[in-house]
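If you want the building blocks of each chain, they are given just below.
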Amino acid sequence: MPENIPGVLGVSPPTEPLIPLVFDSPHSGLELPADFYPAVDAETVRVSADTYVNDLFSAAPEHGAPLLRALFPRSFLDPNRSLADMDAALIEGAWPYHLRESNTARRGMGLIWRNAWVEMPMYDRKLAITEARDRIRRYWLSYHMALRQLLDGAFAQFRMVYHLNCHSMTNAGHAMSSDGPGSARADICVGDLHGVSAGAEFTAILCELLEREGFRVAMNKPFRGAELTEAYANPAIGRHAIQFEINRRLYMNEETRERSADYPDFKQAMSRLIAELAEYIRQKVRR
């Protein structure tokens, strides 16, 4: 089991016998690192956070599934971005590593965010190459190594592994999102990279359980999945990954970022989902 790293990541290990189910919350971190010098206040840094998502899935270890969570803000560094999604406009000098054409970087939401929100710059300067590289080594690599250890460990034992990559989304699209300002969103978005990151059976079971709870589910809209679902999934050999996006209006006030009166009921619904997924996977293991 990976070790906790202060300020970087936390791991809640299973309190029941391990099953090949892993949860992670890469965007719920709220701790501002000591080597982070934004030009905006802390609350603005945290606007983009998946606040409370780690708590919504906190029942996972009770059913044999570890829960990994990032402790740092996603806008400081985003574990769900490829290393090739570095925003070259943010770096002083020429970035010496591979870059790809990246819509997220273009919108200021690359590996390291250029904008805190919409067109509000995160920094009043460019970042040195060494500063960005050190950030990648300490935070991105540590998170990916921990997740891979959890996934590979379960796969080695069971020859299968199911991964729920947990996120939240704003109630409507906005200027920084791919679906654009004001776009209506479902209660839950299930992203499987259009069938590439998870088998059809797992996706269908997950959607059925959600719809049974009364939620409106959208497939791959507006989020199909990103680095953490793409990098380690291979359903052909039993490695399945889903990017799971929850509409924030179901459990929090988006303006104040406080929990809403619906929070306890919604958390119970997520806990039931975890229990039912765990039972489904136990049955798969027993076959």
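A brief look at the structure comes next.

What counts and what doesn't
- Residues numbered from 1 in each chain as written.
- Predicted model: local features only at pLDDT ≥ 70, side-chain atom pairs only at ≥ 80, totals over all residues.
- Heavy atoms only, no water.
- Helix = DSSP H or I, 4+ residues; strand = E, 2+ residues; numbered from the N terminus.
- Rg over C-alpha atoms; globule rule 2.2 N^0.38 Å.
- Buried < 20%, exposed > 50% of the residue type's maximum accessible area, 1.4 Å probe, protein only.
- Areas by Shrake-Rupley, 256 points an atom, 1.4 Å probe, with all protein chains shown as cover.
- Lys, Arg positive; Asp, Glu negative; His and termini not counted.
- Charge placed at Lys NZ, Arg CZ, Asp CG, Glu CD.
- Contact = heavy atoms within 4.5 Å.
- Polar contact = N/O pair within 3.5 Å; in protein donor to acceptor, adjacent residues only side chain to side chain.
- Expected span 1.5 Å × (residues − 1).
- Arc of directions from axis to C-beta.
- Salt bridge = Lys/Arg side-chain N within 4 Å of Asp/Glu carboxyl O.
- Axes fitted to C-alpha atoms, helices over the stretch in contact; angles between N-to-C directions.
- Left-handed = near helix turned anticlockwise from the far one by under 90°.

## Quick word on the overall build of the protein chain
At step 1: In terms of regular secondary structure, the protein chain is built from seven helices and nine strands.
At step 2: Compactness check: the protein chain gives a C-alpha radius of gyration of 18 Å against a globular reference of 19 Å for 287 residues, within 12% of the reference.
At step 3: Taking the principal axes of the C-alpha coordinates as reference, the protein chain spans close to 55 × 40 × 30 Å.
At step 4: In the protein chain, buried positions account for 56% of the 287 residues.
At step 5: When the accessible surface of the protein chain is summed, it comes to about 12200 Å², and 51% of that surface belongs to carbon and sulfur atoms.
At step 6: Charged side chains of the protein chain number 32 positive and 37 negative; the gap between the two group centres comes to 4 Å.

## Structural notes on the environment of Asn 171
At step 1: Structurally, Asn 171 can be placed in the loop between strand 6 (161–169) and strand 7 (188–191).
At step 2: Each C-alpha atom of the pair Asn 171 and Arg 185 lies 6.1 Å from the other, and the pair is 14 residues apart in sequence.
At step 3: If we skip the residues at most four places from it in the chain, Asn 171 touches Ser 183, Arg 185, Asn 247, Arg 249 and Glu 254.
At step 4: A polar side-chain atom of Asn 171 sits 2.8 Å from a polar atom in the side chain of Arg 249.

## Some thoughts on helix 5 (residues 200–212)
At step 1: The terminal C-alpha atoms of helix 5 lie 18 Å apart, and with 13 residues this matches the ideal 18 Å at 1.5 Å per residue to within 8%.
At step 2: Considered for burial, the residues of helix 5 that qualify are Phe 202, Thr 203, Leu 206, Cys 207, Leu 209 and Leu 210. Angular distribution of buried residues about the axis of helix 5 spans 160 degrees; they occupy a single face of the element. The exposed set on the far side of helix 5, more than 90 degrees from its buried face, consists of Ala 200 and Arg 212.
At step 3: At its buried positions, helix 5 is contacted by strand 6, strand 7, strand 8 (217–219), strand 9 (239–247) and helix 7 (263–286).
At step 4: Phi turns positive one or two residues past the end of helix 5, at Gly 214, with a value near 95 degrees.

## Description of the pattern of salt bridges
At step 1: In the structure shown here, the tally under the stated rule is 22 salt bridges.
At step 2: The shortest N-O distance in the salt bridge between Glu 131 and Arg 135 comes to 3.8 Å. You can see Glu 131 and its partner Arg 135 sitting in helix 4 (residues 129–158), four residues apart, about one turn around the helix.
At step 3: According to the relative accessible area criterion, Arg 135 is buried, its value standing at 3%.
At step 4: Connected via shared salt-bridge partners are Glu 43, Arg 46 and Arg 257.

## As for the packing of helix 5 against helix 7
At step 1: Across the interface, helix 5 lies against helix 7 with an axial gap of 10 Å and an inter-helix angle of 145 degrees. Note that helix 5 runs across helix 7; the crossing there is right-handed. Along the contact surface, helix 5 presents Glu 201, Phe 202, Ile 205, Leu 206, Leu 209, Leu 210 and Arg 212, while helix 7 presents Met 270, Leu 273, Glu 276, Leu 277, Tyr 280 and Lys 284.

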